[in-house]
Amino acid sequence: MHPVQIRLVGNFLRSGIIENGICEMQTEGTPQGGPLSPILSNILLDELDKIKQLKRGKTTVKMLTSRGIAKDSASKVAYSGKGWWRISSTPQVHRAMGVGWAKGLGLKSLVETYMSL
């Protein structure tokens, strides 16, 4: 993530909430339905959009195999004729873009963070 994005997310996490006209600081968590969720989604979706731009099967096979998927399995997905929306639910893509991939982008696991509290 870019330092500006990190700073923006940090500001949202440190901001308080207004309840009955009084600003109260949060001690844990983030408010449900707050503006942080769409921002985090956009950060992740930006990377997914780059991957979605893979139009040729050969390029898709190369991306999947570089992330540890067997070539024959990657070929089945890449040359299936299905769009990325449908391909995204395949086991091959789930393995290629799992927790390790997200950590490589600098994203932290919410489950691991929660369990460490």
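Parameters at a glance
Residues numbered from 1 in each chain as written. Predicted model: local features only at pLDDT ≥ 70, side-chain atom pairs only at ≥ 80, totals over all residues. Heavy atoms only, no water. Helix = DSSP H or I, 4+ residues; strand = E, 2+ residues; numbered from the N terminus. Buried < 20%, exposed > 50% of the residue type's maximum accessible area, 1.4 Å probe, protein only. Areas by Shrake-Rupley, 256 points an atom, 1.4 Å probe, with all protein chains shown as cover. Patch = residues over 30% accessible without salt bridge, like charges linked within 9 Å, V, L, I, M, F, W, Y side chains within 5 Å. Salt bridge = Lys/Arg side-chain N within 4 Å of Asp/Glu carboxyl O. Core = buried A, V, L, I, M, F, W, Y, C linked by side-chain atoms within 4.5 Å. Contact = heavy atoms within 4.5 Å. pLDDT = per-residue confidence, 0-100. Lys, Arg positive; Asp, Glu negative; His and termini not counted. Charge placed at Lys NZ, Arg CZ, Asp CG, Glu CD.

*Asks:* Which parts of the structure should I look at to understand the overall build of the protein chain?
*Replies:* For the protein chain, the helix and strand inventory stands at 8 helices and 2 strands. What you see in the protein chain, going N to C, is helices and strands ordered as α-β-β-α-α-α-α-α-α-α. Counting all 117 residues of the protein chain, 23% fall into the buried class. Counting only carbon and sulfur atoms, one obtains 58% of the accessible surface of the protein chain, whose full area is about 9000 Å².

*Asks:* Please clarify how a nonpolar patch on the surface should be interpreted in this entry.
*Replies:* Taken together, Val 111, Tyr 114, Met 115 and Leu 117 make up a surface patch of nonpolar side chains, about 560 Å² in accessible area. Mapped onto the fold, Tyr 114 is located in helix 8 (residues 110-115).

*Asks:* Got a minute to help me understand the pattern of salt bridges in this structure?
*Replies:* Two side chains with opposite charge may pair up if their charged atoms get near one another. Under the defined criterion, the tally for this structure stands at 1 salt bridge. Across the salt bridge formed by Lys 103 and Glu 112, the nearest N and O atoms sit 3.1 Å from each other. Glu 112 gets classed as partly exposed once you look at its relative accessible area, which sits at 44%.

*Asks:* In this structure, what is going on with the nonpolar core? I would like to understand it.
*Replies:* Within soluble globular proteins, side chains that are nonpolar tend to cluster in buried spots. One finds Leu 64 and Val 93 to be the most contacted residues of the largest nonpolar core, which totals 13 residues. Residues contacting Leu 64, with those up to four places away along its chain left out, are Ile 69, Ala 74, Val 77, Gln 92, Val 93 and Ala 96.

*Asks:* Help me understand the side chain of Gln 92 in this model?
*Replies:* When you line up the elements, Gln 92 lands in helix 6 (residues 91-96). Leaving out residues up to four positions away in the same chain, Gln 92 has contacts with Leu 64, Ile 69, Ser 73 and Val 77.

*Asks:* Just checking my understanding: could you explain the confidence of the model for the protein chain for this structure?
*Replies:* Low pLDDT means the predicted coordinates in that region are not meant to be read closely. With 89% of its residues at a pLDDT of 70 or more, the protein chain shows a mean pLDDT of 80. Of all secondary-structure elements in the protein chain, the lowest mean pLDDT belongs to helix 2 (residues 36-52), at 74, while helix 4 (residues 71-78) reaches the highest, 92.

*Asks:* Any chance you could explain a positive patch on the surface here in plain terms?
*Replies:* On the surface, Arg 56, Lys 58, Lys 62 and Lys 71 cluster together into a patch of positive charge. As for its placement among the helices and strands, Lys 58 is situated in helix 3 (residues 57-66).

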